Amino acid sequence: MSSSSSSGLTFKLHPLVIVNISDHYTRVKSQQAHLNNGVASPSASPPPRVFGCVIGVQRGRTVEIFNSFELLYDPVTDSLDRSYILKKQELYKKVFPNFYILGWYSTGSDAQESDMQIHKALMDINESPVYVLLNPSINHAQKDLPVTIYESELHVIDGIPQLIFVRSNYTIETVEAERISVDHVAHLKPSDGGSAATQLAAHLTGTYSPIKMLNSRIRVLHQYLLSMQRGDIPCDNSLLRQVSSLLRRLPAIESVKFQDDFLMEYNDTVLITYLAMFTNCSSTMNELVDKFNTTYDKHTRRGGRTAFI
(Lines give C-alpha, C1' and ligand atoms only; values in the text may rest on other atoms or scores of the structure.)
Protein backbone atom coordinates (compact mmCIF):
# COMPACT_ATOMS: atom_id res chain seq x y z
CA MET A 1 0.00 0.00 0.00
CA SER A 2 1.52 3.32 -1.06
CA SER A 3 1.47 6.39 1.14
CA SER A 4 -0.72 8.70 -0.91
CA SER A 5 -2.77 8.81 -4.08
CA SER A 6 -1.59 10.39 -7.31
CA SER A 7 -4.98 10.66 -9.02
CA GLY A 8 -5.39 14.35 -8.20
CA LEU A 9 -8.99 13.92 -7.02
CA THR A 10 -10.34 16.15 -4.27
CA PHE A 11 -12.60 14.38 -1.77
CA LYS A 12 -15.22 16.13 0.34
CA LEU A 13 -16.81 14.04 3.08
CA HIS A 14 -20.07 15.04 4.74
CA PRO A 15 -20.55 14.30 8.46
CA LEU A 16 -23.77 12.39 7.76
CA VAL A 17 -21.65 9.57 6.34
CA ILE A 18 -19.56 9.36 9.52
CA VAL A 19 -22.69 9.40 11.69
CA ASN A 20 -24.28 6.63 9.59
CA ILE A 21 -21.22 4.39 9.78
CA SER A 22 -20.84 4.96 13.53
CA ASP A 23 -24.52 4.19 14.10
CA HIS A 24 -24.27 1.05 11.94
CA TYR A 25 -21.25 -0.21 13.88
CA THR A 26 -22.79 0.61 17.28
CA ARG A 27 -26.00 -1.28 16.52
CA VAL A 28 -24.19 -4.33 15.18
CA LYS A 29 -21.83 -4.37 18.16
CA SER A 30 -24.76 -4.08 20.57
CA GLN A 31 -26.56 -6.93 18.85
CA GLN A 32 -23.43 -9.07 18.96
CA ALA A 33 -23.00 -8.38 22.68
CA HIS A 34 -26.64 -9.33 23.27
CA LEU A 35 -26.20 -12.61 21.38
CA ASN A 36 -23.00 -13.39 23.28
CA ASN A 37 -24.71 -12.82 26.63
CA GLY A 38 -24.43 -16.02 28.59
CA VAL A 39 -21.89 -17.55 26.20
CA ALA A 40 -18.50 -18.53 27.56
CA SER A 41 -15.84 -15.79 27.18
CA PRO A 42 -17.80 -13.39 24.98
CA SER A 43 -14.89 -10.94 25.16
CA ALA A 44 -12.88 -13.27 22.93
CA SER A 45 -15.11 -12.51 19.93
CA PRO A 46 -13.50 -10.07 17.49
CA PRO A 47 -15.08 -6.66 16.96
CA PRO A 48 -17.68 -6.70 14.18
CA ARG A 49 -17.13 -5.22 10.75
CA VAL A 50 -19.93 -3.43 8.98
CA PHE A 51 -20.25 -2.77 5.26
CA GLY A 52 -22.20 -0.38 3.09
CA CYS A 53 -22.12 1.91 0.07
CA VAL A 54 -21.32 5.61 -0.09
CA ILE A 55 -23.18 7.83 -2.53
CA GLY A 56 -22.67 11.34 -3.81
CA VAL A 57 -21.65 13.30 -6.88
CA GLN A 58 -18.48 13.87 -8.86
CA ARG A 59 -17.94 17.20 -10.55
CA GLY A 60 -14.76 17.13 -12.56
CA ARG A 61 -11.92 16.28 -10.18
CA THR A 62 -14.03 16.89 -7.06
CA VAL A 63 -15.78 13.94 -5.42
CA GLU A 64 -18.36 14.85 -2.78
CA ILE A 65 -19.68 12.04 -0.56
CA PHE A 66 -23.11 12.99 0.77
CA ASN A 67 -24.71 9.87 2.21
CA SER A 68 -24.43 6.11 2.70
CA PHE A 69 -26.58 3.04 3.17
CA GLU A 70 -25.99 -0.35 4.76
CA LEU A 71 -25.35 -3.61 2.92
CA LEU A 72 -25.46 -7.29 3.72
CA TYR A 73 -22.09 -9.04 3.71
CA ASP A 74 -21.47 -12.74 3.19
CA PRO A 75 -18.27 -13.68 5.10
CA VAL A 76 -18.07 -17.05 3.35
CA THR A 77 -17.78 -15.66 -0.16
CA ASP A 78 -16.42 -12.21 0.86
CA SER A 79 -19.12 -10.56 -1.23
CA LEU A 80 -21.91 -8.03 -0.86
CA ASP A 81 -25.57 -8.48 -1.78
CA ARG A 82 -25.55 -7.20 -5.37
CA SER A 83 -29.31 -7.29 -5.87
CA TYR A 84 -29.79 -5.10 -2.81
CA ILE A 85 -27.19 -2.62 -4.09
CA LEU A 86 -28.95 -2.24 -7.43
CA LYS A 87 -32.33 -1.87 -5.73
CA LYS A 88 -31.08 0.84 -3.38
CA GLN A 89 -29.39 2.62 -6.27
CA GLU A 90 -32.67 2.67 -8.19
CA LEU A 91 -34.56 4.04 -5.17
CA TYR A 92 -32.01 6.78 -4.57
CA LYS A 93 -32.15 7.76 -8.24
CA LYS A 94 -35.85 8.54 -7.87
CA VAL A 95 -35.23 11.00 -5.03
CA PHE A 96 -31.70 12.20 -5.83
CA PRO A 97 -31.19 11.82 -9.60
CA ASN A 98 -27.67 13.28 -9.39
CA PHE A 99 -26.42 10.84 -6.76
CA TYR A 100 -24.31 7.87 -7.80
CA ILE A 101 -22.68 5.02 -5.93
CA LEU A 102 -19.14 6.28 -5.41
CA GLY A 103 -17.82 3.27 -3.51
CA TRP A 104 -18.23 1.51 -0.22
CA TYR A 105 -17.36 1.73 3.47
CA SER A 106 -16.26 -0.57 6.24
CA THR A 107 -14.81 -0.46 9.74
CA GLY A 108 -11.44 -1.56 11.05
CA SER A 109 -8.00 -0.31 11.94
CA ASP A 110 -6.59 -0.87 8.44
CA ALA A 111 -7.54 -2.15 5.01
CA GLN A 112 -7.41 -5.95 4.72
CA GLU A 113 -6.56 -8.22 1.80
CA SER A 114 -10.15 -9.43 1.53
CA ASP A 115 -11.30 -5.84 1.07
CA MET A 116 -9.77 -5.75 -2.38
CA GLN A 117 -12.16 -8.49 -3.55
CA ILE A 118 -15.15 -6.39 -2.53
CA HIS A 119 -13.51 -3.37 -4.12
CA LYS A 120 -13.05 -5.15 -7.44
CA ALA A 121 -16.63 -6.45 -7.36
CA LEU A 122 -17.94 -2.87 -7.32
CA MET A 123 -15.92 -1.75 -10.34
CA ASP A 124 -18.73 -2.66 -12.72
CA ILE A 125 -20.89 -0.07 -10.90
CA ASN A 126 -18.14 2.53 -10.58
CA GLU A 127 -14.89 2.00 -12.43
CA SER A 128 -12.93 3.87 -9.74
CA PRO A 129 -14.72 3.18 -6.44
CA VAL A 130 -13.66 4.91 -3.26
CA TYR A 131 -13.18 3.02 0.00
CA VAL A 132 -14.08 4.82 3.25
CA LEU A 133 -12.66 3.12 6.35
CA LEU A 134 -13.72 4.10 9.87
CA ASN A 135 -11.60 2.99 12.81
CA PRO A 136 -14.01 2.52 15.78
CA SER A 137 -11.20 2.09 18.31
CA ILE A 138 -10.95 4.98 20.76
CA ASN A 139 -7.59 6.74 20.76
CA HIS A 140 -7.59 9.80 23.02
CA ALA A 141 -4.17 10.88 21.74
CA GLN A 142 -5.42 11.09 18.15
CA LYS A 143 -6.62 14.53 17.12
CA ASP A 144 -7.68 13.73 13.55
CA LEU A 145 -10.86 11.95 12.60
CA PRO A 146 -10.44 8.14 12.55
CA VAL A 147 -11.57 8.05 8.93
CA THR A 148 -9.40 7.08 5.99
CA ILE A 149 -10.32 7.30 2.31
CA TYR A 150 -8.63 4.90 -0.06
CA GLU A 151 -8.40 4.77 -3.82
CA SER A 152 -7.15 1.85 -5.88
CA GLU A 153 -4.17 2.15 -8.22
CA LEU A 154 -2.54 -0.37 -10.52
CA HIS A 155 1.09 -0.96 -9.54
CA VAL A 156 3.62 -3.42 -10.87
CA ILE A 157 4.94 -5.50 -7.97
CA ASP A 158 7.54 -8.21 -8.70
CA GLY A 159 6.69 -7.92 -12.39
CA ILE A 160 2.98 -8.54 -11.77
CA PRO A 161 0.42 -5.73 -12.12
CA GLN A 162 -1.69 -5.53 -8.97
CA LEU A 163 -4.37 -3.25 -7.57
CA ILE A 164 -3.44 -1.76 -4.21
CA PHE A 165 -5.11 0.70 -1.84
CA VAL A 166 -3.60 4.18 -1.59
CA ARG A 167 -4.56 6.87 0.86
CA SER A 168 -6.28 10.05 -0.31
CA ASN A 169 -6.67 13.36 1.45
CA TYR A 170 -10.13 14.69 2.19
CA THR A 171 -11.91 17.62 3.78
CA ILE A 172 -15.11 17.76 5.81
CA GLU A 173 -17.92 19.58 4.01
CA THR A 174 -21.18 20.51 5.72
CA VAL A 175 -24.45 22.22 4.86
CA GLU A 176 -26.85 23.98 7.22
CA ALA A 177 -29.16 21.00 7.64
CA GLU A 178 -26.23 18.74 8.56
CA ARG A 179 -24.91 21.21 11.11
CA ILE A 180 -28.31 21.29 12.80
CA SER A 181 -28.53 17.48 12.77
CA VAL A 182 -25.03 16.99 14.15
CA ASP A 183 -25.70 19.57 16.85
CA HIS A 184 -28.92 17.72 17.74
CA VAL A 185 -27.02 14.43 18.01
CA ALA A 186 -24.39 16.10 20.19
CA HIS A 187 -27.08 17.28 22.59
CA LEU A 188 -28.91 13.98 22.94
CA LYS A 189 -29.40 12.88 26.52
CA PRO A 190 -26.95 10.12 27.44
CA SER A 191 -28.37 6.66 28.05
CA ASP A 192 -26.76 6.44 31.48
CA GLY A 193 -29.10 9.12 32.76
CA GLY A 194 -26.57 11.94 32.95
CA SER A 195 -27.80 15.11 34.57
CA ALA A 196 -28.47 18.38 32.78
CA ALA A 197 -25.34 19.84 34.38
CA THR A 198 -23.26 17.04 32.92
CA GLN A 199 -24.71 17.65 29.47
CA LEU A 200 -24.10 21.40 29.78
CA ALA A 201 -20.52 20.83 30.88
CA ALA A 202 -19.90 18.50 27.95
CA HIS A 203 -21.41 21.02 25.53
CA LEU A 204 -19.35 23.91 26.92
CA THR A 205 -16.20 21.78 26.81
CA GLY A 206 -16.87 20.90 23.19
CA THR A 207 -17.35 24.58 22.38
CA TYR A 208 -14.33 25.72 24.37
CA SER A 209 -11.89 23.25 22.80
CA PRO A 210 -12.11 24.51 19.18
CA ILE A 211 -12.03 28.14 20.35
CA LYS A 212 -8.90 27.42 22.38
CA MET A 213 -7.28 25.66 19.43
CA LEU A 214 -8.13 28.57 17.10
CA ASN A 215 -6.72 31.06 19.58
CA SER A 216 -3.47 29.12 19.92
CA ARG A 217 -3.03 28.95 16.14
CA ILE A 218 -3.68 32.66 15.76
CA ARG A 219 -1.11 33.33 18.48
CA VAL A 220 1.48 31.20 16.67
CA LEU A 221 0.80 33.02 13.41
CA HIS A 222 1.03 36.40 15.16
CA GLN A 223 4.36 35.54 16.76
CA TYR A 224 5.65 34.32 13.39
CA LEU A 225 4.70 37.59 11.69
CA LEU A 226 6.31 39.63 14.48
CA SER A 227 9.52 37.64 14.10
CA MET A 228 9.42 38.21 10.37
CA GLN A 229 8.88 41.95 10.92
CA ARG A 230 11.85 42.15 13.30
CA GLY A 231 14.03 40.34 10.80
CA ASP A 232 14.63 37.30 13.00
CA ILE A 233 13.44 35.02 10.18
CA PRO A 234 13.51 35.56 6.41
CA CYS A 235 10.46 37.09 4.77
CA ASP A 236 8.15 34.57 3.07
CA ASN A 237 6.02 36.33 0.46
CA SER A 238 3.92 33.24 -0.16
CA LEU A 239 2.92 33.05 3.49
CA LEU A 240 2.22 36.78 3.62
CA ARG A 241 -0.14 36.46 0.67
CA GLN A 242 -2.01 33.67 2.43
CA VAL A 243 -2.29 35.73 5.61
CA SER A 244 -3.48 38.74 3.62
CA SER A 245 -6.09 36.60 1.88
CA LEU A 246 -7.27 35.33 5.26
CA LEU A 247 -7.55 38.81 6.72
CA ARG A 248 -9.52 40.09 3.76
CA ARG A 249 -12.25 37.63 4.64
CA LEU A 250 -12.80 39.15 8.08
CA PRO A 251 -14.53 42.40 7.02
CA ALA A 252 -17.20 40.29 5.32
CA ILE A 253 -19.12 40.21 8.60
CA GLU A 254 -19.25 44.02 8.55
CA SER A 255 -21.25 44.16 5.33
CA VAL A 256 -24.72 45.71 5.20
CA LYS A 257 -26.30 42.36 4.26
CA PHE A 258 -24.72 40.69 7.29
CA GLN A 259 -25.94 43.43 9.60
CA ASP A 260 -29.48 43.15 8.23
CA ASP A 261 -29.53 39.38 8.53
CA PHE A 262 -28.00 39.52 12.00
CA LEU A 263 -30.49 42.10 13.25
CA MET A 264 -33.37 40.11 11.79
CA GLU A 265 -32.25 36.93 13.55
CA TYR A 266 -31.60 38.87 16.76
CA ASN A 267 -35.01 40.55 16.69
CA ASP A 268 -36.74 37.24 16.02
CA THR A 269 -34.95 35.66 18.97
CA VAL A 270 -35.79 38.56 21.27
CA LEU A 271 -39.42 38.52 20.10
CA ILE A 272 -39.74 34.81 20.87
CA THR A 273 -38.22 35.44 24.30
CA TYR A 274 -40.67 38.25 24.98
CA LEU A 275 -43.62 36.14 23.83
CA ALA A 276 -42.57 33.32 26.13
CA MET A 277 -42.22 35.77 29.01
CA PHE A 278 -45.66 37.32 28.33
CA THR A 279 -47.24 33.88 28.10
CA ASN A 280 -45.69 32.88 31.39
CA CYS A 281 -46.83 36.12 33.05
CA SER A 282 -50.36 35.71 31.69
CA SER A 283 -50.53 32.16 32.99
CA THR A 284 -49.30 33.25 36.41
CA MET A 285 -51.80 36.13 36.46
CA ASN A 286 -54.69 33.83 35.54
CA GLU A 287 -53.78 31.46 38.35
CA LEU A 288 -53.63 34.39 40.78
CA VAL A 289 -57.03 35.72 39.67
CA ASP A 290 -58.59 32.26 39.98
CA LYS A 291 -57.26 31.89 43.51
CA PHE A 292 -58.41 35.41 44.43
CA ASN A 293 -61.92 34.78 43.08
CA THR A 294 -62.17 31.48 44.95
CA THR A 295 -61.12 33.13 48.20
CA TYR A 296 -63.41 36.09 47.64
CA ASP A 297 -66.40 33.84 46.88
CA LYS A 298 -65.89 31.97 50.14
CA HIS A 299 -65.62 35.25 52.01
CA THR A 300 -68.77 36.78 50.47
CA ARG A 301 -70.85 33.65 51.11
CA ARG A 302 -69.99 33.88 54.76
CA GLY A 303 -70.82 37.58 54.92
CA GLY A 304 -73.97 37.39 52.77
CA ARG A 305 -72.66 39.75 50.06
CA THR A 306 -72.40 39.12 46.29
CA ALA A 307 -69.05 38.87 44.54
CA PHE A 308 -68.49 41.37 41.79
CA ILE A 309 -65.24 40.02 40.42
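Chemist: Explain the overall build of the protein chain residue by residue, including any values.
Modeler: Within the protein chain, the regular secondary structure consists of seven helices and ten strands. Relative to its full complement of 309 residues, the protein chain shows a buried share of 23%. Across the protein chain, the fraction of contacts at a sequence separation of at least 24, relative to all contacts at a separation of at least 6, is 60%. By element, 58% of the accessible surface of the protein chain is carried by carbon and sulfur atoms, the whole surface being about 21900 Å².

Chemist: A description of the sheet that holds strand β1 (residues 10-13) should follow, citing residues and the corresponding values.
Modeler: Across the sheet, which stays open at both edges, the eight strands sit in the order β9-β8-β7-β6-β2-β3-β1-β10 with mixed pairing between neighbours. Single-partner strands in this sheet number two, and they are β9 (160-168) and β10 (170-172). The mean angle between the axes of side-by-side strands here comes to 35°, regardless of whether they run parallel or antiparallel. Here β1 runs beside strand β3 (residues 62-70); their pairing, made up of four bridges, is parallel. Within the sheet, the bridge partner assigned to K12 lies in β3 and is E64. With respect to the sheet, helix α2 (residues 82-95) is in contact with β2 (51-59), β3 and β6 (100-107), its orientation differing from that of β3 by roughly 115°. Running at roughly 95° to β9, helix α3 (residues 113-121) makes contact with β2, β6, β7 (130-134), β8 (147-157) and β9 of the sheet.

Chemist: Which residues make up the nonpolar core, and what values do they have?
Modeler: Judged by nonpolar contacts, the single largest core of 21 residues is most densely connected at F69, I85 and Y131. Counting residues per element, the ones that place at least two in this core are β2, β3, α2, β6, α3 and β7. When residues no more than four places from it in sequence are discounted, the contact partners of I85 are C53, L71, L80, I101, L122 and I125. Counting residues in hydrophobic clusters, the runner-up holds 17 residues, among them I21, V50, V54 and V132.

Chemist: Go over helix α6 (residues 237-248), please, and point to the residues and values.
Modeler: Relative to the 16 Å expected for twelve residues at 1.5 Å per residue, α6 spans 16 Å between its end C-alpha atoms, a close match to the ideal helical length. Of the residues that open α6, the one with a side-chain oxygen 3.2 Å from the backbone nitrogen of S238 is D236.

Chemist: Kindly report on the packing of aromatic side chains, identifying the contributing residues and their values.
Modeler: Applying the stated criterion across every chain, the model contains ten aromatic pairs. Aromatic pair Y131 and Y150: ring centres 5.8 Å apart, planes at 35°, arrangement tilted. Pair noted here: Y131 is in strand β7 and Y150 is in strand β8, with a separation of 19 residues, a long-range link. For the residue pair Y131 and Y150, the accessibility class agrees, reading buried in each case. Ring centres of Y150 and F165 lie 5.8 Å apart, and the angle between their planes is 50°; on these two criteria the pair is classed as tilted. Of the two residues, Y150 is situated in strand β8 and F165 in strand β9; the sequence distance between them amounts to 15 residues. One aromatic cluster in this structure is built from F51, W104, Y131, Y150 and F165.

Chemist: Help me get a handle on the confidence of the model for the protein chain, residues and values and all.
Modeler: Per-residue pLDDT for the protein chain has a mean of 80; in total, 82% of the residues score no lower than 70. Averaged pLDDT values over the elements of the protein chain bottom out at 67 in helix α4 (residues 176-186) and peak at 92 in β7.

Chemist: Just give me the short version of the pattern of salt bridges, but keep the residues and values in it.
Modeler: The tally for this structure, following the rule as stated, stands at six salt bridges. Two residues, R27 and D23, come together in a salt bridge whose shortest N-O distance is 2.9 Å. Of this pair, R27 and D23 are both found in helix α1 (residues 15-35), four residues apart, which corresponds to roughly one turn of the helix. On the basis of relative accessible area, R27 is assigned to the partly exposed category, the value being 33%. Residue classification places D23 among the partly exposed positions, given a relative accessible area of 39%. Between E70 and R27 there is a salt bridge, with its nearest N and O atoms 2.1 Å apart. Placement of the pair is E70 in strand β3 and R27 in helix α1, with a sequence separation of 43 residues. For E70, a relative accessible area of 31% translates into the label partly exposed. Put simply, D23, R27 and E70 are held in one network by salt bridges that share partners.

Chemist: Tell me about the side chain of N67, and please be specific about residues and values.
Modeler: By secondary structure assignment, the location of N67 is in strand β3. Residue N67 is classed as buried on the basis of its relative accessible area of 15%. Polar side-chain contacts of N67 include one of 2.9 Å to the side chain of N20. Here N67 is in contact with L16, V17, N20, C53, V54, I55 and Y92, once residues within four sequence places are set aside.

Chemist: Run through the environment of M228, naming residues and quoting values.
Modeler: For M228, the location among the structural elements is in helix α5 (residues 196-230). With a relative accessible area of 10%, M228 lands in the buried category. Note: C-alpha distance between M228 and L240 (twelve residues apart in sequence) is 10.0 Å.

Conventions used here
- Residues numbered from 1 in each chain as written.
- Predicted model: local features only at pLDDT ≥ 70, side-chain atom pairs only at ≥ 80, totals over all residues.
- Heavy atoms only, no water.
- Helix = DSSP H or I, 4+ residues; strand = E, 2+ residues; numbered from the N terminus.
- Buried < 20%, exposed > 50% of the residue type's maximum accessible area, 1.4 Å probe, protein only.
- Contact = heavy atoms within 4.5 Å.
- Areas by Shrake-Rupley, 256 points an atom, 1.4 Å probe, with all protein chains shown as cover.
- Pairing = 2+ DSSP bridges.
- Axes fitted to C-alpha atoms, helices over the stretch in contact; angles between N-to-C directions.
- Core = buried A, V, L, I, M, F, W, Y, C linked by side-chain atoms within 4.5 Å.
- Expected span 1.5 Å × (residues − 1).
- Polar contact = N/O pair within 3.5 Å; in protein donor to acceptor, adjacent residues only side chain to side chain.
- Phe/Tyr/Trp six-rings, centres within 6.5 Å; stacked < 30°, edge-to-face > 60°.
- pLDDT = per-residue confidence, 0-100.
- Salt bridge = Lys/Arg side-chain N within 4 Å of Asp/Glu carboxyl O.

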